[in-house]
Amino acid sequence: QLLTQLGVVPKRVAQLIAEVEQQGAAAKVCGAGAIQGHNGGMVWVLASNPSFLPHLCKQYGYSHATASVCMQGVQVLSGHFKSPLQI
């Protein structure tokens, strides 16, 4: 929320995060942020059931990927994302 108050989280990203939180999941903005436009870094989402994410990301025009944390670190399991990965 501090990054939003500082003005480096675009309103559209903040709206996405609010919808993620309404689904009972947690979201954290990571990366450089932005003071203009609709993209700013990336958003990590932690959800016990992330099935809502593909539709939500598509609704906002953002890409997504599913990852799993394991003993070897974070591994991308599936996803559809642009190059470079952005939201």
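See the structure shown above.
Residues numbered from 1 in each chain as written. Predicted model: local features only at pLDDT ≥ 70, side-chain atom pairs only at ≥ 80, totals over all residues. Heavy atoms only, no water.

J.: What is the right way to look at the layout of surface pockets in this model?
T.: In this approach a probe as big as a water molecule rolls over the atoms, and the regions it shows empty are the leftover space. By volume, the second largest pocket amounts to about 240 Å³. Gln1, Leu3, Thr4, Val9, Ala14, Ile17, Ala18, Glu21, Ala27, Lys28 and Val29 are the residues that line the second largest pocket. Counting residues per element, the ones that place at least two in the lining of the second largest pocket are α1 (2-6), α2 (11-22) and β1 (26-30). By residue number, the principal contributor to the lining of the second largest pocket is α2, which donates 4 residues. For the lining of the second largest pocket, the per-class residue count stands at 7 nonpolar, 2 polar and 2 charged. (1 Å grid on protein atoms, 1.4 Å probe; cavity = no way out; pocket = protein on both sides within 12 Å on 5 of 7 lines; lining within 4 Å. Points joined across faces, edges and corners; volume = space filled by probe spheres on them. Helix = DSSP H or I, 4+ residues; strand = E, 2+ residues; numbered from the N terminus. Nonpolar A, V, L, I, M, F, W, Y, C, P; charged D, E, K, R; others polar.)

J.: What's the story with helix α3 (residues 53-60) in this structure? I'm lost.
T.: Since the α-helix packs 3.6 residues into each turn, any two residues three or four apart lie on the same face. Turning to α3, its buried residues are Leu53, Leu56, Cys57 and Tyr60. One face of α3 carries all of its buried residues, which in axial projection span an arc of 95°. Among the exposed residues of α3, those oriented more than 90 degrees off its buried face are His55 and Lys58. A positive phi of about 80° marks glycine 61, the residue just after α3. (Buried < 20%, exposed > 50% of the residue type's maximum accessible area, 1.4 Å probe, protein only. Arc of directions from axis to C-beta.)

J.: Got a minute to help me understand the nonpolar core in this structure?
T.: It is characteristic of soluble globular proteins that their nonpolar side chains tend to be buried jointly. Ranked by size, the top nonpolar core spans 13 residues in total, and within it Val13, Val20, Val29, Phe52 and Leu56 carry the most contacts. Top element by residues in this core is α2. It accounts for 4 residues. (Core = buried A, V, L, I, M, F, W, Y, C linked by side-chain atoms within 4.5 Å.)

J.: Explanation requested: the packing of aromatic side chains in the structure shown.
T.: What describes a pair of aromatic rings is the distance from one ring centre to the other and the angle between the planes of the rings. Per the stated rule, a full pass over the model turns up 1 aromatic pair. Where tyrosine 60 meets tyrosine 62, the ring centres are 6.2 Å apart and the plane angle is 10°; that geometry is what we call stacked. You can call tyrosine 60 buried: its relative accessible area is 10%. Over the aromatic face of tyrosine 62 sits the side chain of arginine 12, whose NZ or CZ is 5.7 Å from the ring centroid. (Phe/Tyr/Trp six-rings, centres within 6.5 Å; stacked < 30°, edge-to-face > 60°. Lys NZ or Arg CZ within 6 Å of the ring centre and 35° of its normal.)

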